[in-house]
Amino acid sequence: MTLGDAFEAACLLRCTPPPTAARPGTPYAPGVEFNREDAAQRMRQLLGRLDIPVTHETAVGGLRRRYELHRLWVPREHHGAYTRLLDAGWRQGRRELLGGPAPGASPARRLWVSRLAAAAWRSALLAGGRHVRRHILGVRITDRELAAVLIRAAAVLDVPARLRPGTGCFLVSVADGPDRERILRSATLEPARRQVC
């Protein structure tokens, strides 16, 4: 469970730009900003299961078009554990997915890799820039490694995915119809429950 949760949290973090107050070059900044509440709640749920406390702040902006920004911050004394867990989760989860189960791998191992694949797509659909058109379901992301993970994760879920470079981002997409339904079904999770501070 810990590896899966840490991998999913690392994917969520890689889907978002670092907060404006974060130091540049920090791979796992102690703060993250989401423009969707369900992404923030999922990150909070995952960090809670990893015993990493987090503070959730909501800011409202905009004049004519209002929007909410959800900021999550890890207390200073937990930065080390947070960074180690997310880094290890990302490295191990990425290795499992990109390496794929070896021929003759046990059913449990195959199930584990498919769970990691679903976690990667769940993160991208929650926190990435959704690009939905009539003929595709796609996500815009800026992280090249995450794009490779999503392509491989789609293959693990028996869905062909395409990667197109865009201006400052990558578009990872799957075709509408059965492919889209399989990705959405795999990535579906019960909504995260709100935690009381």
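This text follows the structure it describes.
## Some words on the overall build of the chain
In terms of helices and strands, the chain carries six helices and seven strands. Written out in order from the N terminus, the α and β elements of the chain read α-β-α-β-β-α-α-β-β-α-β-β-α. In the chain, buried positions account for 44% of the 197 residues. Within the chain, counting contacts between residues at least 6 apart in sequence, those at least 24 apart form 65% of the total. When the accessible surface of the chain is split by element, carbon and sulfur atoms take 52% of a total near 11100 Å².

## Quick word on unusual backbone geometry
Residue Asp51 is not a glycine yet carries a positive backbone phi of 60°. Inspection of the secondary structure puts Asp51 in the loop between α2 (37-49) and β2 (55-61). The exposure class assigned to Asp51 is exposed, which follows from its relative accessible area of 66%. One non-glycine residue, Asp158, adopts positive backbone phi at about 65°. Here Asp158 is to be found in the loop between α5 (144-156) and β6 (161-165).

## What to know about the sheet that holds strand β4 (residues 129-132)
The strand order β4-β5-β7-β6 describes an open sheet built from four strands, whose pairing is antiparallel. Two strands in the sheet have a free side with no partner beyond their single neighbour: β4 and β6. Mean inter-strand twist for the sheet, computed between neighbouring axes without regard to direction, equals 25°. In terms of strand pairing, strand β5 (residues 136-141) meets strand β7 (residues 170-175) through six bridges, oriented antiparallel. Counted as the bridge partner of Ile136 is Ala175 from β7. Together, β4, β5 and β7 form the strand contacts of helix α6 (residues 178-187), whose direction differs from that of β7 by roughly 110°.

## Here we look at the environment of His131
Mapped onto the elements of the fold, His131 is located in strand β4. Leaving out residues up to four positions away in the same chain, His131 has contacts with Ile136, Leu137, Gly138, Val139, Arg140 and Leu171.

## Topic: the state of the cysteines
By the definition in use, this model includes zero disulfides. Summary of cysteine pairing: Cys15 is not part of a disulfide, and the nearest cysteine sulfur, belonging to Cys11, is at 6.8 Å.

## Side note on the sheet that holds β2
Ordered in space as β1-β3-β2, the three strands form an open sheet in which the pairing is antiparallel. Pairing within the sheet leaves two strands with one partner each, and these edge strands are β1 (31-34) and β2. Direction aside, the axes of adjacent strands within the sheet are offset by 20° on average. As defined by bridge partners, β2 adjoins strand β3 (residues 67-73) across seven bridges and the pair is classed as antiparallel. Bridging from a neighbouring strand, Gly61 pairs with Tyr67 of β3.

About the thresholds
Residues numbered from 1 in each chain as written. Predicted model: local features only at pLDDT ≥ 70, side-chain atom pairs only at ≥ 80, totals over all residues. Heavy atoms only, no water. Helix = DSSP H or I, 4+ residues; strand = E, 2+ residues; numbered from the N terminus. Buried < 20%, exposed > 50% of the residue type's maximum accessible area, 1.4 Å probe, protein only. Contact = heavy atoms within 4.5 Å. Areas by Shrake-Rupley, 256 points an atom, 1.4 Å probe, with all protein chains shown as cover. Pairing = 2+ DSSP bridges. Axes fitted to C-alpha atoms, helices over the stretch in contact; angles between N-to-C directions. Disulfide = S-S within 2.5 Å.

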